[in-house]
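Coordinate inspection notes
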Number of protein chains: 2
Amino acid sequence: MIRIGIVGYGNIGRGVEKAVRAAEDMELVAVFTRRDPAAVALESGSVPVLSVDEAEHMTDAIDVMVLCGGSATDLAEQGPYFASMFNTVDSFDTHARIPEYLAAVNACAKETTAVISTGWDPGLFSMMRALFEAVLPAGATYTFWGKGVSQGHSDAIRRVPGVAHAVQYTIPREEAIAQVRSGAMPELTTRDKHLRHCLVVAEPGADKAAITEAITSMPHYFAEYDTIVDFIEMDELLEKHSAMPHGGMVVRSGKTQDNTQSIEFSLALESNPEFTASVMVAYARAAVRMADEKLFGAKTVFDVPLSYLSPRAHEELVKDLL
Amino acid sequence: MIRIGIVGYGNIGRGVEKAVRAAEDMELVAVFTRRDPAAVALESGSVPVLSVDEAEHMTDAIDVMVLCGGSATDLAEQGPYFASMFNTVDSFDTHARIPEYLAAVNACAKETTAVISTGWDPGLFSMMRALFEAVLPAGATYTFWGKGVSQGHSDAIRRVPGVAHAVQYTIPREEAIAQVRSGAMPELTTRDKHLRHCLVVAEPGADKAAITEAITSMPHYFAEYDTIVDFIEMDELLEKHSAMPHGGMVVRSGKTQDNTQSIEFSLALESNPEFTASVMVAYARAAVRMADEKLFGAKTVFDVPLSYLSPRAHEELVKDLL
């Protein structure tokens, strides 16, 4: 049995808890939190909730730590710290900072294996971008996200004065997908590829026109997109838009000589955090196996052979799936 | 530069020739054939065509042999033989015999790296089946092939008495794909998943009813499917059905707790052999790199980290694609 620790108990941490309980080759040992452990109630209460400070005394009891904190705040510090003591897996997703994060974790993972930036993007989508380019060198790759809820964009709207609550759906444009699938290899701007649909609950008496202007002009988040802002009631938002669906696709089309070839990978997820967690748990298994073979250091999804992800024996994979 | 040899010069061999010429980090050294070398004209005539018997003298001149023979006849013998002297890659695709082939090649690949059963199925589709199952354990995986030309089925029709020429299209059933995508996890028989459409040119005076009966009752190939037989003229067959398009998809849908999650990978190929060849060439690069690291033996697509497939530096993959 692979002994699992979870660091951070938000949506992803809860997803990891469920995925580990469903895995026959894994057992959950403890959940670690920066909050008051007494205030954290697990979905299933059979393992202790401990302060992150206690983790350092448990290196013999845990085979791999699944780091479920956020990239913006927790992981920059927790990634290197835990990798110095444990095998780890995380979903560090600030794309621009991945190289420096990889280096920082690698410097600490002297006798451990730390798989960084797993999940689906970065993660499965990254794998597809690398695979597609390698097997079809003359072509162009496109990534589309959605339809789904972007937590980052939803949070950005919630910081606008006068906003009581908000959910933002990222929606890929059908016409852009059709162009890409045709093999035309179009040049597409950010605006061409996605729409942003904002569902906003205004505070009583708030200026809705001002809220709309503040959202649609927000740089990086909305200004570069066609953004639709709709105001709805709190009841409707909570009832119909509390789920966390997401998905998207990676498409590459290209040529071998004169022939057009297209490759496509897509996800349709009812629960983004549960799927992210499920991917992380597969990479947790891989981290332990690579550490057993002394393949130490920080690894990415580009470095992990697929056979390490499966609980099944290699012969069985070959016989049943090859 | 990675120095490439090609063994066998049919459709796949020609595809490999084109892919190698397009790769900046590879050069083609020679093509080996079991036929009379003088009778083999390359697409581009700048490298020698040699008898397969001469290969054993060229172990210092070639880094990896791309084995382009067929599974039924050539590879069972050529795979182990060449792996004893060279790094190799092949597209051995007789699914039921892969375990014994893997063992036979592995026994010979003492100081070489031999990646077997690459291409797209087995190959990319196998990778997706393994990956999808690992990241979404509670679910069901479905593989669909087509729309595309099946060489094996076309050949089987051509052996029927009274048939002058034939092409067989494998067509996935839209209703089966829709069921699978819905997350219903249906139980689907062979007949439920695919149609077989046969375009047949009859010899003058042949009994078309007898040909149709011989095709539709043929065990393994057609009896288990809904099979449509249409007779057409030779001119039309040659003009409209000489291309080798293919494709298909691997779909897995499953649950994380109560949420349905779906993953899909699909290919739409104008040239099946050129794409297969392009995948093989990426794995040829991987074979050389693994051999450089003394990762010897027979390998499958489950064993090769994705970073080995790309000509790009690891840092660049991390920066641009992760």
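The structure under discussion appears in the preceding block.
Residues numbered from 1 in each chain as written. Chains lettered and ligands numbered in written order. Predicted model: local features only at pLDDT ≥ 70, side-chain atom pairs only at ≥ 80, totals over all residues. Heavy atoms only, no water.

**Description of the packing of aromatic side chains**
Selection criterion: Pairing of aromatic rings covers Phe, Tyr and Trp, the last counted by its six-membered ring, and requires centre-to-centre distances within 6.5 Å; plane angles under 30 degrees mean stacked, over 60 mean edge-to-face, and any other angle means tilted. Classification of residues uses two cut-offs on accessible area relative to the type maximum, computed with a 1.4 Å probe and protein chains only: under 20% is buried, over 50% is exposed, and between them is partly exposed. Geometrically, a charge over a ring is one whose NZ (Lys) or CZ (Arg) sits within 6 Å of the ring centre while staying within 35 degrees of the ring normal.
Applying the stated criterion to the full structure yields 13 aromatic pairs over all chains. Each ring, one from A:Y81 and one from A:F82, has its centre 5.0 Å from the other, and the planes form 80 degrees; the classification is edge-to-face. On the basis of relative accessibility, which here comes to 1%, the residue A:F82 falls in the buried class. A ring pair is formed by B:Y221 and B:F222, whose centres lie 6.5 Å apart and whose planes are at 35 degrees; its orientation type is tilted. By relative accessible area, B:Y221 is classed as partly exposed at 30%. An aromatic cluster is defined as three or more aromatic residues linked by ring pairs; in this entry it consists of A:W120, A:F125, A:F265 and B:F132. Lying across the ring of A:Y169, A:K147 places its NZ or CZ 5.0 Å from the centre. Here the guanidinium or amino end of B:R196 rests over the ring plane of B:Y225, the centre of that ring lying 4.1 Å away.

**Examining the environment of B:S71**
Residue and element names in this part refer to chain B. The condition that has to hold: Going along the chain from the N terminus, every DSSP run of H or I of four or more residues is numbered as a helix, and every run of E of two or more is numbered as a strand. Contacts are assigned to residue pairs that have any heavy atoms within 4.5 Å of one another. Think of a polar contact as two N or O atoms within 3.5 Å of one another; within protein, one of them needs to be a possible hydrogen donor and the other a possible acceptor, and neighboring residues in sequence only count if both atoms come from side chains.
Note on placement: S71 falls in helix α2 (residues 71–83). Of the residues examined, S71 reaches a relative accessible area of 10% and is grouped as buried. The spacing of S71 and H95 is 24 residues in sequence and 9.9 Å in space, taken between C-alpha atoms. Sequence-distant contacts of S71, defined by excluding residues within four places in its chain, comprise A76, S91, F92, D93 and T94. Polar side-chain contacts of S71 include one of 2.7 Å to the side chain of D93.

**A short note on empty space enclosed by the protein**
Cut-off, in case you're wondering: Grid points spaced at 1 Å and placed over the protein atoms alone form the basis of the search, with a cavity being a set where a 1.4 Å probe fits but cannot get out and a pocket an open set showing protein on both sides within 12 Å along at least five of seven lines. Lining residues have an atom within 4 Å of a point. Grid points are joined across faces, edges and corners, and a volume is the space filled by probe spheres set on the points. Under the scheme applied here, ten amino acids are nonpolar (Ala, Val, Leu, Ile, Met, Phe, Trp, Tyr, Cys and Pro), four are charged (Asp, Glu, Lys and Arg), and all others, including Gly, are polar.
A complete count under the given rule lists 2 cavities of 30 Å³ or more for this structure. In this structure, the largest cavity spans a volume of roughly 40 Å³. Forming the walls of the largest cavity are A:M127, A:M128, A:L131, A:L306, B:M127, B:M128, B:L131 and B:L306. Looking at the lining of the largest cavity residue by residue, the classes come out as 8 nonpolar, no polar and no charged.

**Quick word on the interface of chain B and chain A**
Condition: Once two parts are joined, some of their accessible surface, as seen by a 1.4 Å probe, is lost; buried area is that loss totalled over both. A strand pair is defined by DSSP finding two or more bridges across the two strands.
At the interface, 59 residues of chain B touch 59 residues of chain A. Together chain B and chain A conceal approximately 5100 Å² of surface at their shared face, both sides included; 63% is due to carbon and sulfur atoms. Per-residue buried area on chain B facing chain A is highest for B:F302, B:L306 and B:L322; these three make up 16% of the total on that side. Between chain B and chain A we count 30 residue pairs in polar contact (both at pLDDT 80 or more) in total. Elements represented by at least two residues in the side of chain B that touches chain A include exactly α3 (98–108), α4 (124–135), β13 (259–269), α10 (272–292) and α11 (314–321) of chain B. By residue class, the composition of the side of chain B that touches chain A is 32 nonpolar, 16 polar and 11 charged. In the sheet, strand β13 (residues 259–269) of chain A pairs with β13(B) via 9 bridges, with the strands oriented antiparallel. Bridge pairing in β13(B) places A:I263 opposite B:L267.

**Quick word on the pairing of strand β10 (residues 194–202) of chain B**
Residue and element names in this part refer to chain B. Just so we agree on the cut-off: The definition of a right-handed crossover adopted here requires that, viewed with the strands pointing away, the path from the first strand over the helix to the second runs clockwise.
The buried fraction of β10 amounts to 8 of the 9 residues, a majority that puts the element mostly inside the structure. Summarising the sheet, strand β9 (residues 163–172) and β10 pair through 9 bridges and their orientation is antiparallel. Bridge assignment links V163 to a residue of β10, and that residue is A202. Relative to strand β11 (residues 226–231), β10 runs parallel, the two sharing 6 bridges. From the neighbouring strand, L199 faces β11, where its bridge partner is D230. Handedness of the crossover joining β10 and β11 through helix α8 (residues 208–216) is recorded here as right-handed.

**Digging into the sheet that holds strand β4 (residues 64–67) of chain B**
All names here are of chain B. Operational definition: For helices, the axis comes from a line fit to the C-alpha atoms of the stretch in contact; other axes are also lines fit to C-alpha atoms, and the angle between any two N-to-C directions lies between 0 and 180 degrees.
Taken in spatial order, the 7 strands line up as β3-β2-β1-β4-β5-β6-β14 in an open sheet, and their pairing is parallel. What marks the edges here is a single partner per strand, and that holds for β3 (49–51) and β14 (297–299). Neighbour-to-neighbour, the strand axes of this sheet turn through a mean angle of 25 degrees, independent of strand direction. Relative to β14, strand β6 (residues 113–115) runs parallel, the two being bridged by 3 bridges. For V115, the partnering residue across the bridge sits in β14 and is K299.

**What to know about unusual backbone geometry**
For the peptide bond that leads from A:D121 to A:P122, omega is 0 degrees, which places it in the cis range. One non-glycine residue with positive phi stands out, namely B:Q257, at about 50 degrees. Within the secondary structure layout, B:Q257 lies in the loop between β12 (246–256) and β13.

**Here's the deal with the sheet that holds β10(B)**
Residues and elements named next belong to chain B. In spatial order, the strands read β8-β9-β10-β11; together these 4 strands make up an open sheet with mixed pairing. The open sheet has two edge strands, β8 (148–149) and β11, and neither has a second partner. Where helix α5 (residues 151–158) meets the sheet, its contacts fall on β8, β9 and β10, and the angle it forms with β9 comes to roughly 145 degrees. Sheet strands touched by α8: β9, β10 and β11. Its angle to β11, the strand with the most contacts, is close to 150 degrees.

**So, the environment of B:T260**
As for its position among the elements, B:T260 is in strand β13. B:T260 sits in the buried class, given a relative accessible area of 15%. Along the primary structure B:T260 and B:M85 are separated by 175 residues, whereas in three dimensions their C-alpha atoms are 49 Å apart. Dropping the residues within four chain positions of it, B:T260 is found in contact with A:A268, A:L269, A:E270, B:G183, B:G254 and B:K255.

**Brief notes about the state of the cysteines**
How we decide: Any two cysteine sulfur atoms lying within 2.5 Å of each other are counted as a disulfide.
This model, assessed by the stated rule, comprises 0 disulfides over all chains. Take A:C68: it sits in no disulfide, and the sulfur closest to it among the cysteines is that of A:C108, at 19 Å.

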